[in-house]
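# Examination of the molecular architecture
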Amino acid sequence: MRIERIDINNSFTKFNDAQTIDLTENKSNCIFIYGSNGTGKSSLSKLFYASNLKLDMNDRYKENLSLLKTINSENNMSVSICYNDESFTTFDNSDIINPKKIPVFNKYYIDSKITYQSNFKNNKFQEQFLNYGIELESKTKYNQKIQELEENKSKAIELSESANKKIENGILQTIKDTGTTKANQKYTNEYNFKHFFNLEPQNIPTDGLEKFRDGHKGFISSLKDLNEDDSIKFNINEFNNLEELKKNVININEIIKFNEDKSKLDFVKQYLDNFEIDKKDWKIQGTYFINDNKCPFCEQDTSNVNIVNMYKTYIESNLKKTEDFINNQIKYFENENKNIDFQYSINETKAKNIDKIFQSNVNSELKAFVDKIKDFNSQIIDLLKKKSEDENIYIDCTSSLENINIALLDESLQNYTSLVKYISELNTKIDNGKKEKNKSNEEYLNTTGKYLVYNLVRDDLNEFKKLYLQSKKLNDEIIILKKEYQEEVKDKNELLKTINNFLNDFSITNYRVNENFDLFLNDCEVSSSAEKLLSDGEKNIIAFALFLSELKLLYTNDEKDVIFIDDPITSVDYPNLYSMYNHIKNIISENRNSQIIVTSHNTIFLNLFKFSYKNNALYFKLKEDENEKTRIYEDTDILDSIYLEKLKEIYNISVSKNINSKQKLYIHNYCRYVLETISRFEYPNYNSDSSSSINYINELKNQYKDIENSPISKNNLDVLSNIVNKGSHATLEIVHDNELFDDKQYIKCCNTIIAIIRDKYNGQYNLLTKDIDLEAKTKIENNVVVTELN
């Protein structure tokens, strides 16, 4: 029998009328319903609990039904449940038609099993199983072997950690032997404990390794001056037009013909030279804009304006062209000298390094070539500057050019060709030396280097292998003892044994149940003191252990067609939340033909199931509308992990710099959870006390004590410690009314957590920031958030 749908017809608590929870398309035996407190989850469980009461002939079912009717509604409550065998269970204001027996865990169940007003022994099955007996001998042996195995594991962990440290030091020494500064990732991955564990010791030599090491280090030392950027290139290609340039300069008097009126040109030139350069340029450039002898500004006829015509004559003259030509050539050769200086400066260090390696004189030859070229250029520049002077502008400079040693330039260019060839040969030697160095390093790392590192951990590996074999043998013995224990327990009180085993799984302090169904705490009977001793969380856990035992031993398969578990983690701390989750998973797997309905207000708890069952289950969310009436939605979202979801909430508060009243009720617990999760990751061998948030914060204080004005300063860590610990134990009223903490302290607490994540686990930080908008992201990257942490 399976439920196909639940029809909410009229006046059912806070639910809107005419709604259906459709389970016909359920892909597995899992249905999860979640929503905030007060949205109606428990009301659904009360329907099934009332159905059980009627079958047990308990008239309290009528009272339960009357409490489920919507307050002030004029219509009668009506809810019907349709099963796949075409039968119905109908609930109305006063009765239940066709009730079904369904195991239900909810608040009513807890109160019926653990009654504060009397004592713990209020259980219908307490007298059905007696003679629990003493502790089983086979279990004692079993536990001893488990303890031995755990000790072996601890020793193995210590050995592997010690060996990995030695391997790390060995890698650094091996890389140092190769003459490099960084460890190659390839060898860092291969030189590890697991890799060496699988090596065959007989294939690894022990003699002669130090001799090989010294030989390799000597070879590498001989090439120690070879760097990746030793090769040089020095190309001077700017002199391809030298011959043409020489010809132009030598024949300048033949190129320019002076057939103008010299006195007239001299007058204009002298007139213009009396102006500043900007004004002179303005007058000359303005002449180009005259069209049809009309002024470009006023359109006056300029054909009879002598000074304008003189300007035009001067611009078109060979004199002007000669001046421009000479000035351009001076700039050209001056730039060439600057360029060759620059070329030499960027190659000088490389050339000196090559001289050092090969005892060559490359640098001095380069410098001599550069000086000769610059000297030739300077001679031409001096000649052109002299030519540009007024008294020389009309004088033939051919005789002066003949004094420049043109042959010297030709000889320099020939020497440079030989130098380029020599440099190319040296570069080839450098490349070959690098190849030999890399090849030798590769061989060394794969043989001698690896063997030397192995010898550092040889003894640790041998001891680890002994522990490995011992653990394998112990594990085989444990399997046999477990079978013996299971056989022996069949003859004992299985119910109480089951209950106590479940209690062992939860982290409550040493509660046990004896054969008389008395509750014991640390071997002291406390049944009559349950009201004073049990917290709400402990009460919930012990009742759930009883419920698990009932499912396992007292219900038939037909009675477990549907199992309803309502908010099992109420008042339960996070370690026990995981235990609840694991036990419910076991219920689902052990009752594959049953329909398991689980409700919770905690989306993190439901998210555990979403990760386990993903699309292989049905999820419903209960949510209030604007009229504070509950609506039912089918939910297909897949949420983040518990850790990441809490971290995102902390991150949102940090970035927004705002915290609302609801967030204040739980953010201290979120921060505690993140800190304890990181602590267990960073210190896996610590016990539960030493990996608490307090101890981890103290570790952080030591780690960041020397960094002033750090976002993770001692002051910020003190605020975090205060909120995480005092906030976790404060009453809701104190936290909610801000009598202990103000908004700035909460935000600073979140800022500190995010600063820790950013500094230690940048990948997580990047994941947090990937979906924020560009403005917020820019703000964070500019360290605005970090600046505000203090």
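Our subject in this report is the structure included herewith. Quantities reported herein were computed from a predicted structural model and do not represent experimental measurements.

As a further point, take the sheet that holds strand β2 (residues 19–22). Read across the sheet, five strands follow the order β2-β1-β4-β5-β6 without closing on themselves; strand pairing throughout is antiparallel. Where the open sheet ends on each side, the last strands, each with one partner, are β2 and β6 (96–97).

Bringing the packing of aromatic side chains into the picture now. Per the counting criterion, the structure on display carries 17 aromatic pairs. An aromatic cluster of three or more residues is present, and its members are Phe32, Tyr581, Phe605, Phe609 and Tyr619. One residue, Lys100, lies across the ring of Tyr83, its end atom 5.3 Å from the ring centre. When the ring centre of Tyr673 is taken as reference, the NZ or CZ atom of Lys646 above it lies at 5.1 Å.

What follows is about the packing of helix α21 (residues 574–590) against helix α22 (residues 603–613). With their axes 10 Å apart at the nearest point, α21 and α22 run at an angle of 45° to one another. It follows that α21 is oblique to α22 by the angle criterion. In the crossing of α21 with α22, the sense of the turn from one axis to the other is right-handed. Of α22, the residues touching α21 (which contributes Leu577, Tyr578, Met580, Tyr581, Ile584, Lys585 and Ile588) are Phe605, Leu608, Phe609, Ser612 and Tyr613. Tallied by class, residues from the contact of α21 with α22 come to 10 nonpolar, one polar and one charged.

This part takes up helix α25 (residues 667–682). Helix length check: α25, at 16 residues, gives a terminal C-alpha distance of 23 Å against a target of 22 Å (1.5 Å per residue), a fit within 8%. Of all the residues in α25, the buried ones are Ile667, His668, Tyr670, Cys671, Arg672, Tyr673, Val674, Leu675, Glu676, Ile678 and Ser679.

Here the focus is the nonpolar core. Within the largest apolar cluster, 122 residues are counted, with the highest numbers of intra-cluster contacts made by Phe32, Phe605 and Leu720. Not counting the four nearest positions on each side in its chain, Phe32 is found in contact with Ile588, Val598, Leu606, Phe609, Tyr613, Ala617, Leu618, Tyr619 and Phe620. Core analysis: the second largest hydrophobic core is formed by 17 residues, Ala156, Ile204, Leu445 and Val453 among them.

Analysis parameters
Residues numbered from 1 in each chain as written. Predicted model: local features only at pLDDT ≥ 70, side-chain atom pairs only at ≥ 80, totals over all residues. Heavy atoms only, no water. Pairing = 2+ DSSP bridges. Helix = DSSP H or I, 4+ residues; strand = E, 2+ residues; numbered from the N terminus. Phe/Tyr/Trp six-rings, centres within 6.5 Å; stacked < 30°, edge-to-face > 60°. Lys NZ or Arg CZ within 6 Å of the ring centre and 35° of its normal. Axes fitted to C-alpha atoms, helices over the stretch in contact; angles between N-to-C directions. Parallel < 35°, antiparallel > 145°, perpendicular 65-115°, else oblique. Left-handed = near helix turned anticlockwise from the far one by under 90°. Contact = heavy atoms within 4.5 Å. Nonpolar A, V, L, I, M, F, W, Y, C, P; charged D, E, K, R; others polar. Expected span 1.5 Å × (residues − 1). Buried < 20%, exposed > 50% of the residue type's maximum accessible area, 1.4 Å probe, protein only. Core = buried A, V, L, I, M, F, W, Y, C linked by side-chain atoms within 4.5 Å.

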